[in-house]
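Understanding the architecture of this molecule
Below, each chain spelled out in residue letters.
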Amino acid sequence: MAIKSYEDLDSMQLDALREIGNIGAGNAATALSGTIGKPVNIDIPTVKILDINEAVEALGGAEKIVAGIMVKLEEGIHGAMMSIQTLDVINLMLDSLLGTKVDSYEELDEMHVSAVCEIANILMGSYVNAISDMTGMPVNISVPAISINMLGALVAVPMATYCYEADKIMIIEGKFSFDGMMHKHNLMLIPDVDSLKRVLTRLGVYNE
Amino acid sequence: MSSVATVGIAEMGVVRGEDQLITYALGSCIGVCIYDKNAKIAGMVHIMLPTAPTDGSGKSVCRYADSGVPALVNKMESIGARRGLLTAKIAGGARMFNIPGDSVVGNIGDRNTDAVKKILSDLRIPIVGHDVGQDYARTMSFNACDGMVTIKAFSKGITTW
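Residues numbered from 1 in each chain as written. Chains lettered and ligands numbered in written order. Predicted model: local features only at pLDDT ≥ 70, side-chain atom pairs only at ≥ 80, totals over all residues. Heavy atoms only, no water.

Residue and element names in this part refer to chain A. UniProt records the feature "domain: CheC-like protein" (unreviewed entry) at residues 12-48 and 111-148, using the numbering of this structure. As annotated, residues 12-48 comprises 68% helix and 14% strand, and the C-alpha atoms at either end are separated by 14 Å. For residues 111-148, the end-to-end C-alpha separation is 15 Å, with 66% helix and 18% strand making up the annotated structure. (UniProt positions renumbered as here; feature names shortened; annotations may be inferred. Helix = DSSP H or I, 4+ residues; strand = E, 2+ residues; numbered from the N terminus.)

Met81(A), Val155(A) and Phe97(B) are the most contacted members of the largest nonpolar core, which totals 105 residues. With 10 residues, the single largest contributor to this core is helix 4 (residues 110-135) of chain A. Setting aside its immediate chain neighbours within four residues, Val155(A) contacts Ile52(A), Val56(A), Leu59(A), Ile84(A), Ile169(A) and Met188(A). Val32(B), Val45(B), Ala115(B) and Leu123(B) belong to the second-largest nonpolar core, a separate cluster that totals 22 residues. (Core = buried A, V, L, I, M, F, W, Y, C linked by side-chain atoms within 4.5 Å. Buried < 20%, exposed > 50% of the residue type's maximum accessible area, 1.4 Å probe, protein only. Contact = heavy atoms within 4.5 Å.)

All names here are of chain B. An order of 1-3-8-9-10 is seen for the 5 strands of this open sheet, with the pairing classed as mixed. Looking along the sheet, the strands with just one partner apiece sit at the ends: strand 1 (4-6) and strand 10 (157-160). Each strand axis lies, on average, 20° off the axis of its neighbour in the sheet, ignoring direction. When strand 3 (residues 20-26) meets strand 8 (residues 138-143), the two strands line up antiparallel, connected through 5 bridges. In the sheet register, Thr-23 faces strand 8, and the bridge partner there is Met-140. (Pairing = 2+ DSSP bridges. Axes fitted to C-alpha atoms, helices over the stretch in contact; angles between N-to-C directions.)

Glancing now at the packing of helix 1 (residues 11-36) of chain A against helix 4 of chain A. Residues and elements named next belong to chain A. At a minimum axis distance of 8 Å, the contact between helix 1 and helix 4 shows a crossing angle of 140°. As judged from the angle between their axes, helix 1 and helix 4 are oblique. The two elements helix 1 and helix 4 meet at a crossing, and its hand is right-handed. Where helix 1 approaches helix 4, its residues Glu-19, Ile-20, Gly-21, Ile-23, Gly-24, Ala-25, Asn-27, Ala-28, Ala-31, Leu-32, Thr-35 and Ile-36 are matched on the opposing element by Ile-119, Ile-122, Leu-123, Ser-126, Tyr-127, Asn-129, Ala-130, Ile-131 and Met-134. For the contact of helix 1 with helix 4, the class distribution of residues is 14 nonpolar, 6 polar and 1 charged. (Parallel < 35°, antiparallel > 145°, perpendicular 65-115°, else oblique. Left-handed = near helix turned anticlockwise from the far one by under 90°. Nonpolar A, V, L, I, M, F, W, Y, C, P; charged D, E, K, R; others polar.)

If you look at the interface, chain A gives 34 residues, while chain B gives 37 residues. Contact between chain A and chain B buries roughly 2,800 Å² in total, counting both sides, with carbon and sulfur atoms accounting for 65%. In this structure, the connection of chain A to chain B is made through 1 salt bridge. Among the ionic pairs, Glu63(A) bridges to Lys152(B), the shortest N-O distance being 3.3 Å. (Buried area = accessible area lost by both parts, 1.4 Å probe. Salt bridge = Lys/Arg side-chain N within 4 Å of Asp/Glu carboxyl O.)

Per-residue confidence for chain A averages 84 on the pLDDT scale, and 94% of its residues sit at or above 70. Of all helices and strands in chain A, the one with the weakest mean pLDDT is strand 7 (residues 168-178) of chain A (78), whereas strand 6 (residues 145-150) of chain A scores best (93). (pLDDT = per-residue confidence, 0-100.)

Residues and elements named next belong to chain B. The mixed open sheet is built from 5 strands, whose spatial order is 2-5-4-6-7. Sheet topology places strand 2 (12-16) and strand 7 (127-132) at the edges, where each strand pairs with a single neighbour. The sheet shows a mean angle of 10° between the axes of neighbouring strands, direction not considered. The pairing of strand 6 (residues 87-92) with strand 7 spans 5 bridges and is classified as parallel. Bridge pairing links Lys-89 to Gly-129 in strand 7. Most of the contacts of helix 1 (residues 65-78) go to strand 5 (residues 41-47), to which it runs at about 160°, and overall it touches strand 2, strand 4 (30-36) and strand 5. Docked against the sheet, helix 2 (residues 108-122) engages strand 4, strand 5, strand 6 and strand 7, running at close to 20° with respect to strand 4.

Spelled out as structure tokens, the structure:
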């Protein structure tokens, strides 16, 4: 069946995408551990394909304030990726990297923000490398852009840019733990439909 | 008893009398509120993109300005609103991300604003209030009783107009 959007994916194709999530999470654990200098464990992530309004609810509600760090995917795959981070995860990173914490988003200064972007960049880069390794397609990611604002508004941006006709979106929910604490980290992966077809073709689960 | 109906992303809603509509977290998206003050009929649509695909593959009519706004007007007219009396208020169209060297992502909000203004002008519905642009999200509520819009924005407070 021709794929026009995520809702057309069959179970084998979804499994292939989950596998990318698994390998990406493994890469991310290694990279994160190296960056913060502590052992990091990552559980097998949950890959969900959701309607945009469902996705916003699943991530904590439209008005929840979060940091969204977005990169564009270029070369072999076109699209976007976004890392969604809440204040407790941000604090964990800041504590490990800079030895500081903040009480609210408003307190984040330039150095904090660049640390948050850097961590997101490392996490997203790990997933992108997994896709690149599995498919043999080169993928570049752009310099990250950050926005701290209402979740619903942030999620709609890559959706509007790359899912022109699609109603669904792919969320990779990772759980990682260090210092004995479990944390959630959500990633949105949004290849445009042509790129999605190329990825699935390379993974051997799609023939046009 | 008045009630509040929620309008999701790429959805629309129509209420009348004492009821209200609300849509959350408009970023690059635009909330279009249309009002008939005589009939006290209020309609709202949460627009994500300027134009529907020409091949008709866009399933969600309310996602696009050029199909969503006329669909809302038709729905309002079907329950008694009169075209010549309609006025509009719009909010959203922000630039949420600034990716260096990229204009596609950054310009969605502006393109949405332009498309909404054009379609409202084509339909001869005057815009009597707006809060668009900038770089932050807005939650918009709309009261069928008096046609007033209330905007709540992160770290910007609340305004009613």
